[in-house]
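Take a look at the letters that make up each chain.
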Amino acid sequence: AVRPASIAKLLDELPSPLRTAVVRGLSRRGQRALYEKVRGFGAVELRDLVPPDRGDLETVRHLGRNTLPAFTLFEKHFCRLPGASRTAPQALAGFNFQAMSGLTGPGYFIAVPDLDRAEVLVDYRRLPTVRPASWPPIRSNETGLARFVYGFMVDRLRRVSRDVTIGSAARKGRDLGSYFVLSREA
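None of these values were measured; they are calculated from a predicted model. (Residues numbered from 1 in each chain as written. Predicted model: local features only at pLDDT ≥ 70, side-chain atom pairs only at ≥ 80, totals over all residues. Heavy atoms only, no water.)

Caption draft 1: Fine view of the overall build of the protein chain. Counting its regular elements, the protein chain contains six helices and eight strands. In sequence order, the protein chain lays out its α and β elements as α-α-α-α-β-β-β-α-β-β-α-β-β-β. Taken over C-alpha atoms, the radius of gyration comes to 15 Å for the protein chain, in line with the 16 Å a tight globule of 186 residues would show. Along the three orthogonal principal directions, the C-alpha set of the protein chain runs to about 45 × 35 × 30 Å. (Helix = DSSP H or I, 4+ residues; strand = E, 2+ residues; numbered from the N terminus. Rg over C-alpha atoms; globule rule 2.2 N^0.38 Å.)

In structure tokens:
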């Protein structure tokens, strides 16, 4: 019965560490319900993921929790590509960090706007050509164990609040019923 605007207001008022703890405490059921609740609530743009005050190739961490049976805590790291508009970039580069990254690979992606739905698509089928020096080497998502984790995947992100997004994963266009929530680190 809680409205999306009330959820956003509450999360926006929390300090970053507490906000992250709250969203990382969401259950599978809670994440699924939140994903549906915020459908059409508000636009999420690439500049929400990497704010305009950040430099090119500067890492912005989003701390998350997914609904998978294991390795539920993870991070998505985003950066704006060199020369892109600070206020209206066309794409961001990024990768996933989690406990099994050494085996599964970093899960590189390109994030692009879905203008028809005012959401962001995190496309693991597309790899960046540049990365910050601190990030791991770019590897394909379609070989080795990465194929089973990131291969042929596209995540859809929706706005929850200024610093929180929620996503759903799809493989080859089929929704997997797998969700994740992200809290942008201040």
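Caption draft 2: Quick look at the pattern of salt bridges. All told, the structure shown has 17 salt bridges when counted by the stated rule. The partner of Arg19 in a salt bridge is Asp163, with the nearest N and O atoms 3.5 Å apart. Placement of Arg19 in helix H2 (residues 16-24) and of Asp163 in the loop between strand S6 (153-159) and strand S7 (164-171) is noted, with a sequence separation of 144 residues between them. When its relative accessible area of 3% is taken as the criterion, Arg19 is described as buried. Since its relative accessible area comes to 11%, Asp163 is described here as buried. Glu119 serves as the salt-bridge partner of Arg158, at 2.7 Å between the closest nitrogen and oxygen. Placement of the pair is Arg158 in strand S6 and Glu119 in strand S5 (residues 119-123), with a sequence separation of 39 residues. Residue classification places Arg158 among the buried residues on the basis of a relative accessible area of 2%. Linked through salt bridges whose partners overlap, the residues forming this network are Asp114, Arg117, Glu119, Arg156 and Arg158. (Salt bridge = Lys/Arg side-chain N within 4 Å of Asp/Glu carboxyl O. Buried < 20%, exposed > 50% of the residue type's maximum accessible area, 1.4 Å probe, protein only.)

Caption draft 3: Just empty space enclosed by the protein, in detail. Within this structure, the stated rule accounts for one cavity of 30 Å³ or more. Along its surface, the largest cavity is lined by Val44, Asp48, Leu49, His62, Arg159, Ser161, Arg162, Asp163, Val164, Thr165 and Arg184. Of all elements in the fold, only helix H4 (46-49) and S7 reach the threshold of two or more residues within the lining of the largest cavity. Taken together, the residues of the lining of the largest cavity break down into three nonpolar, three polar and five charged. (1 Å grid on protein atoms, 1.4 Å probe; cavity = no way out; pocket = protein on both sides within 12 Å on 5 of 7 lines; lining within 4 Å. Points joined across faces, edges and corners; volume = space filled by probe spheres on them. Nonpolar A, V, L, I, M, F, W, Y, C, P; charged D, E, K, R; others polar.)

Caption draft 4: Seen up close, the side chain of Asp163. At 2.4 Å, the side chain of Asp163 and the side chain of Arg184 are in polar contact. In contact with Asp163, other than residues within four places in its own chain, are Asp12, Arg19, Leu182, Ser183 and Arg184. (Polar contact = N/O pair within 3.5 Å; in protein donor to acceptor, adjacent residues only side chain to side chain. Contact = heavy atoms within 4.5 Å.)

Caption draft 5: Geometry of the nonpolar core. Core analysis: the biggest nonpolar cluster contains 20 residues, and Leu49, Phe78, Leu92, Ala111, Val120 and Leu157 have the highest contact counts within it. Of all the secondary-structure elements, those providing two or more residues to this core are H4, strand S2 (73-80), strand S4 (109-114), S5, S6 and strand S8 (174-184). Counting twelve residues, the second-largest nonpolar core is a separate cluster that includes Val160, Val164, Ile166 and Val181. (Core = buried A, V, L, I, M, F, W, Y, C linked by side-chain atoms within 4.5 Å.)

Caption draft 6: Layout of the pairing of S6. Buried residues dominate S6, accounting for seven of its seven residues. Both faces of S6 are covered, namely the face carrying Met153, Asp155, Leu157 and Arg159 and the face carrying Val154, Arg156 and Arg158. As defined by bridge partners, S5 adjoins S6 across four bridges and the pair is classed as antiparallel. Its bridge partner lying in S6, Val122 is registered against Asp155. (Pairing = 2+ DSSP bridges.)

Caption draft 7: Inspection of a nonpolar patch on the surface at higher detail. Judged by side-chain polarity, Leu103, Leu145, Phe148 and Val149 come together as a nonpolar surface patch covering roughly 400 Å² of accessible area. Tracing the backbone shows Phe148 in helix H6 (residues 146-149). (Patch = residues over 30% accessible without salt bridge, like charges linked within 9 Å, V, L, I, M, F, W, Y side chains within 5 Å. Areas by Shrake-Rupley, 256 points an atom, 1.4 Å probe, with all protein chains shown as cover.)

Caption draft 8: The arrangement of the environment of Pro17 in detail. With respect to the element layout, Pro17 can be found in helix H2. Put simply, Pro17 and Ala99 are 82 residues apart on the chain and 20 Å apart in space, counted from C-alpha to C-alpha.

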